[in-house]
Amino acid sequence: MIAARTADVVCIASFNADLTSRVARPPARGETVLASRFSIGPGGKGSNAAIACARQGARVAVIARIGNDDFGHMALALWQREGIDAAMVEVVDDEPSGVAQILVYDDGDNSIAVAPGAGTGLGARHADAAAGLIGQARVVMASCEVPIEATQAAFAHARRAGAFTLLNPAPAQALPDSLLALCELLTPNQSELRVLAGVDADTSLQRAADALLSRGAGAVAVTLGAAGCMLFRRGREALTVAGHPMLVADTVGAGDTFTGAFAAAIARGAAIAVAAAWANAAAALSVAGEGATGGMPGLEAVAVLLGRSDRADAKPWISR
Ligand code: RIB
């Protein structure tokens, strides 16, 4: 590792190589289905959010652990291309990089199985080693694809230094109150919200979000897919941000785009409700491109979409 530069946003990041097959439907247990297409590309919820954030103009640094293999080299090349500081990334010889096996269906929806590989070894020591980098950032973000200890340590450093903390709680899992209390913003989808809150599918989003707010989370922005998102804050009315109609190529990475664009907007100094609108628009644009990073927009594209969305005749303006 070499000395890190400064960054607006630091991401405690997972990286996976996405091995993606396009199929008409998921195979049943014990069944084989034929895929119409296959691709290998960069993914991982943390790396995806970092790229979405960098494309929104933020200076981004990643703290990650990858293998010294073809997929790890793919990650380093990607981060370099996207202008992301990877000085605090540990590259290990004896463990494989993370891999995600992805099925994308005809309607753009997907199923994913992740083998985190070297990412499993990311821990508090990595966050501690990057305390200086974290301490000067405006926003520190993570997902549940990296070990909780790494996120907890990084968020503790961030909060001590006054940085905003943002957790994308995916894949969903129950989280300790000690971590929730360090999160200024959570960005779950609807099912992740309910798993996190420990409530059943009939519980309203408001009640599920309230459960997390009462356990210490600062705010909850729930993504609703094509319907947009809702923002819940303690003692405030819930805010609904409408979705933007888009032609869907592939929804892989849409939630990560939401998280990364949210972080970039907060780092720019936007109020949380404004940041939610930017994140919502960036995520909408992202589904028009294939692969986790293929559709992630730049700042200008989001600004244009938000400008146009004020018009009553707003229509999908992206074609494939
Ligand atoms: O959120 C999408 C991501 O989930 C994919 O890129 C895959 O790697 C998994 O981490």
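Residues numbered from 1 in each chain as written. Predicted model: local features only at pLDDT ≥ 70, side-chain atom pairs only at ≥ 80, totals over all residues. Heavy atoms only, no water.

> Just checking my understanding: could you explain the overall build of the protein for this structure?
Each helix and strand in the protein was counted, giving eleven helices and 13 strands. Taking 20 Å as the expected radius of gyration for a compact globule of 320 residues, we find that the protein reaches 18 Å, a close match to that expectation. For the protein, the C-alpha atoms occupy an extent of roughly 50 × 50 × 40 Å along the three principal directions. Within the protein, buried positions represent 53% of all 320 residues. The long-range share in the protein, meaning contacts at least 24 apart out of those at least 6 apart in sequence, stands at 68%. By element, 53% of the accessible surface of the protein is carried by carbon and sulfur atoms, the whole surface being about 13400 Å². One finds the centroid of the 25 positive side-chain charges in the protein at a distance of 6 Å from the centroid of its 30 negative side-chain charges. (Helix = DSSP H or I, 4+ residues; strand = E, 2+ residues; numbered from the N terminus. Rg over C-alpha atoms; globule rule 2.2 N^0.38 Å. Buried < 20%, exposed > 50% of the residue type's maximum accessible area, 1.4 Å probe, protein only. Contact = heavy atoms within 4.5 Å. Areas by Shrake-Rupley, 256 points an atom, 1.4 Å probe, with all protein chains shown as cover. Lys, Arg positive; Asp, Glu negative; His and termini not counted. Charge placed at Lys NZ, Arg CZ, Asp CG, Glu CD.)

> Just to check I follow, could you spell out the sheet that holds strand β2 (residues 16–22) for this structure?
What holds strands together in a sheet is hydrogen bonding between their backbones, with the strands either parallel or antiparallel. Spatially, β3-β2-β6-β7 is the arrangement adopted by the four strands of the open sheet, whose pairing is mixed. A strand with exactly one partner marks an edge of an open sheet, and here the two such strands are β3 (37–43) and β7 (110–115). Shown here is a sheet whose adjacent strand axes are inclined to one another by a mean of 20 degrees, direction ignored. When β2 meets strand β6 (residues 98–104), the two strands line up parallel, connected through seven bridges. (Pairing = 2+ DSSP bridges. Axes fitted to C-alpha atoms, helices over the stretch in contact; angles between N-to-C directions.)

> What is the right way to read the pattern of salt bridges from this model?
One side chain can pair with another of opposite charge once the charged atoms of both are near each other. One pass over the structure, following the stated rule, counts ten salt bridges. Between glutamate 90 and arginine 65 there is a salt bridge whose closest N-O contact spans 3.1 Å. With glutamate 90 in strand β5 (residues 85–92) and arginine 65 in strand β4 (residues 60–67), the pair connects residues that are 25 residues apart, well separated along the chain. We classify arginine 65 as buried; its relative accessible area is 10%. A salt bridge links arginine 215 to aspartate 177; the shortest N-O distance between them is 2.6 Å. Of the two residues, arginine 215 is situated in the loop between α8 (205–214) and β11 (219–223) and aspartate 177 in helix α6 (residues 177–180); the sequence distance between them amounts to 38 residues. Look at aspartate 177 and you get partly exposed, because its relative accessible area is 41%. In this structure, a network of salt bridges that share partners links the residues Arg65, Glu90, Glu95 and Arg125. (Salt bridge = Lys/Arg side-chain N within 4 Å of Asp/Glu carboxyl O.)

> Can you walk me through the packing of aromatic side chains in this structure?
Aromatic ring pairs: the centre-centre distance and the angle between the two ring planes describe each pair. Considering all chains together, one arrives at two aromatic pairs under this definition. Taking 5.9 Å as the distance between ring centres and 80 degrees as the angle between the ring planes, the aromatic pair formed by phenylalanine 15 and tryptophan 79 counts as edge-to-face. Note that phenylalanine 15 is positioned in the loop between β1 (9–12) and β2 and tryptophan 79 in helix α2 (residues 70–81), a separation of 64 residues in sequence. For phenylalanine 15, a relative accessible area of 4% corresponds to the buried category. Seen from their ring centres, phenylalanine 258 and phenylalanine 262 are 5.6 Å apart, and the 65 degrees between their planes marks the pair as edge-to-face. With phenylalanine 258 and phenylalanine 262 both in helix α9 (residues 254–267) and four residues apart, this pair spans about one turn of that helix. For the pair formed by phenylalanine 258 and phenylalanine 262, the shared burial category is buried. (Phe/Tyr/Trp six-rings, centres within 6.5 Å; stacked < 30°, edge-to-face > 60°.)

> Explanation requested: the site of the ligand in the structure shown.
As a matter of local geometry, the ligand sits amid 14 residues, with Asp18, Gly44, Lys45, Glu145 and Asp256 nearest to it. One nitrogen or oxygen atom from the side chain of asparagine 16 is found 3.0 Å from an oxygen atom belonging to the ligand. Between the ligand and glutamate 145, the relevant distance is 2.4 Å, taken from an oxygen atom to a side-chain nitrogen or oxygen of the residue. Computed on the free molecule, the ligand has an accessible area of 280 Å², of which 96% lies beneath the protein chains in the complex. Structurally, the ligand is housed in the largest pocket. Every element with two or more residues in the shell around the ligand is listed here: β2, α1 (45–55) and β7. (Near = heavy atom within 4 Å. Polar contact = N/O pair within 3.5 Å; in protein donor to acceptor, adjacent residues only side chain to side chain. 1 Å grid on protein atoms, 1.4 Å probe; cavity = no way out; pocket = protein on both sides within 12 Å on 5 of 7 lines; lining within 4 Å. Sits in = over half its atoms within 2 Å of the grid points.)

> Any chance you could explain the nonpolar core here in plain terms?
Taken as a class, soluble globular proteins show a tendency for nonpolar side chains to be buried jointly. If you look at the biggest cluster of nonpolar residues, it comprises 55 residues, and the most contacted ones within it are Val9, Trp79, Leu185 and Phe262. If you tally residues by element for this core, the top one is helix α10 (residues 272–286), at ten residues. When near neighbours in sequence (up to four residues on either side) are disregarded, tryptophan 79 contacts Phe15, Ser47, Val62, Ala64, Ile66, Ile84, Ala86 and Val89. In this structure, Ala61, Val140, Leu175 and Met230 belong to the second largest nonpolar core, which totals 44 residues. (Core = buried A, V, L, I, M, F, W, Y, C linked by side-chain atoms within 4.5 Å.)

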